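# Tertiary structure, described
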Amino acid sequence: MTSAHAAVAAPGSRFRKLLRREDDHGGAPKLSPLWTFVAWLATLAFFAPVAWMVLTSFHREADAATNPPNPFAPLTFDQYKLLFSRDITPFLLNSAMASILSTILVLALAVPAAYALSIKPVEKWTDVMFFFLSTKFLPAIAALLPVYLIVKDAGMLDNVWTLVILYTAMNLPIAVWMMRSFLAEVPKEILEAAEVDGAGLLTVLWRVVAPVAMPGLAATSLICFIFSWNEFMFAVNLTATQASTAPVFLVGFITNEGLFLARLCAAATLVSLPVLIAGFAAQDKLVRGLSLGAVK
């Protein structure tokens, strides 16, 4: 290498050495201590509001409303007792039913569609993918009035099945795009071997594609579940007393009498738990699924 080339390569080499450090035995590259410290700081910065919410949920309203707040105020379970006295359970059950059923329907529709767009590509599949994406161009608030009128005429107001249908339609384009990228990673050889053995389409999807694409399925289902669980606009406008979901329940603590901060934090903590549990249970498959298709 000439001196000119060395001068050009030197800044990049120094930057790579700053970012990564090879171990003494030629193992995998590791982040330098500086960038490890920065990563921990970023993680703590994102986690701090969540930790403060959980801590505030164990305070009394008087302690939660102090300015500046006192993190060492006495802890109590009174806010959680009040939540269950207001019967939060039906709201959680409605959210669980709408989220789980819509996620199942989304996967049942998205996997065959993604299979047709990736492994067995249909004609002009790029136009089909653009059509799925175009359904997300319109802001949801713009569709609220026509959706409300259609649901009202169908007699489906304040019905959990209305939310199931809407959440399925909302998440299906995202699921198709995600699953297409995941299924594109499935080796064609095992599919050809299954077809040679006489396996039909359903058998190939269930016995061959599903096990290989399980990380992608986990990632897609978790993201669809989170979007459905957190959805608020349609839930607050299309439900009343029988089908209200957990996000609608949270709004009840913002009243003319003031903001019940400690109780709101307790409710938000309870509402966040199912998503956290689902993410923790599927974390290994989620990481592998989100890394599929990445540059190796």
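Residues numbered from 1 in each chain as written. Predicted model: local features only at pLDDT ≥ 70, side-chain atom pairs only at ≥ 80, totals over all residues. Heavy atoms only, no water.

Inspection of helix 7 (residues 144-153) places L144, V147 and V151 among the buried residues, and these make up the whole buried set. End-on, the buried residues of helix 7 take up no more than an arc of 70°, which puts them together on one face. Of the exposed residues in helix 7, the ones pointing more than 90 degrees away from its buried face are L145, I150 and D153. Along its buried surface, helix 7 packs onto helix 8 (160-183) and helix 12 (233-238). G155 lies just past helix 7 and shows a positive phi near 70°. (Buried < 20%, exposed > 50% of the residue type's maximum accessible area, 1.4 Å probe, protein only. Helix = DSSP H or I, 4+ residues; strand = E, 2+ residues; numbered from the N terminus. Arc of directions from axis to C-beta. Contact = heavy atoms within 4.5 Å.)

This next bit is on the confidence of the model for the chain. Per-residue confidence for the chain gives a mean pLDDT of 81; residues scoring 70 or more make up 84%. Considering each helix and strand of the chain separately, the mean pLDDT is smallest for helix 1 (residues 3-19), with a value of 47, and largest for helix 7, with 94. The model gives residues 1-11 a pLDDT under 50, and that stretch makes one contact with residues more than four places away or in other chains. (pLDDT = per-residue confidence, 0-100.)

The subject of this paragraph is the packing of aromatic side chains. Inspection of the entire model under this criterion finds six aromatic pairs. Look at F91 and F249: their rings are 4.9 Å apart centre to centre, the planes differ by 50°, and that puts the pair in the tilted class. Separated by 158 residues along the polypeptide, F91 in helix 5 (residues 89-118) and F249 in helix 13 (residues 246-251) bring together distant segments of the chain. Between the aromatic rings of F130 and F137, the centroid separation amounts to 6.0 Å while the plane-to-plane angle is 70°, which identifies the pairing as edge-to-face. Residue classification places F137 among the exposed residues on the basis of a relative accessible area of 52%. Taken together, F58, F77 and Y80 form an aromatic cluster joined through their ring pairs. (Phe/Tyr/Trp six-rings, centres within 6.5 Å; stacked < 30°, edge-to-face > 60°.)

Our focus in this paragraph is the nonpolar core. A general tendency of soluble globular proteins is for nonpolar side chains to be buried together. Within the largest apolar cluster, 19 residues are counted, with the highest numbers of intra-cluster contacts made by Y115, I119, M179, L183, L191, V204 and V209. Looking at this core, the elements with two or more residues in it are helix 5, helix 8, helix 9 (188-196), helix 10 (201-212) and helix 11 (214-230). In terms of residue count, helix 10 provides more of this core than any other element does, five residues in total. Among the nonpolar cores identified, the runner-up in size contains 15 residues, and L83, L250, L264 and A267 belong to it. (Core = buried A, V, L, I, M, F, W, Y, C linked by side-chain atoms within 4.5 Å.)

At a minimum axis separation of 4 Å, helix 10 and helix 11 run at an interaxial angle of 75°. Classed by the angle they form, the pair helix 10 and helix 11 counts as roughly perpendicular. Judged by residue contacts, A210, P211 and V212 of helix 10 engage M214, P215 and L217 from helix 11. (Axes fitted to C-alpha atoms, helices over the stretch in contact; angles between N-to-C directions. Parallel < 35°, antiparallel > 145°, perpendicular 65-115°, else oblique.)

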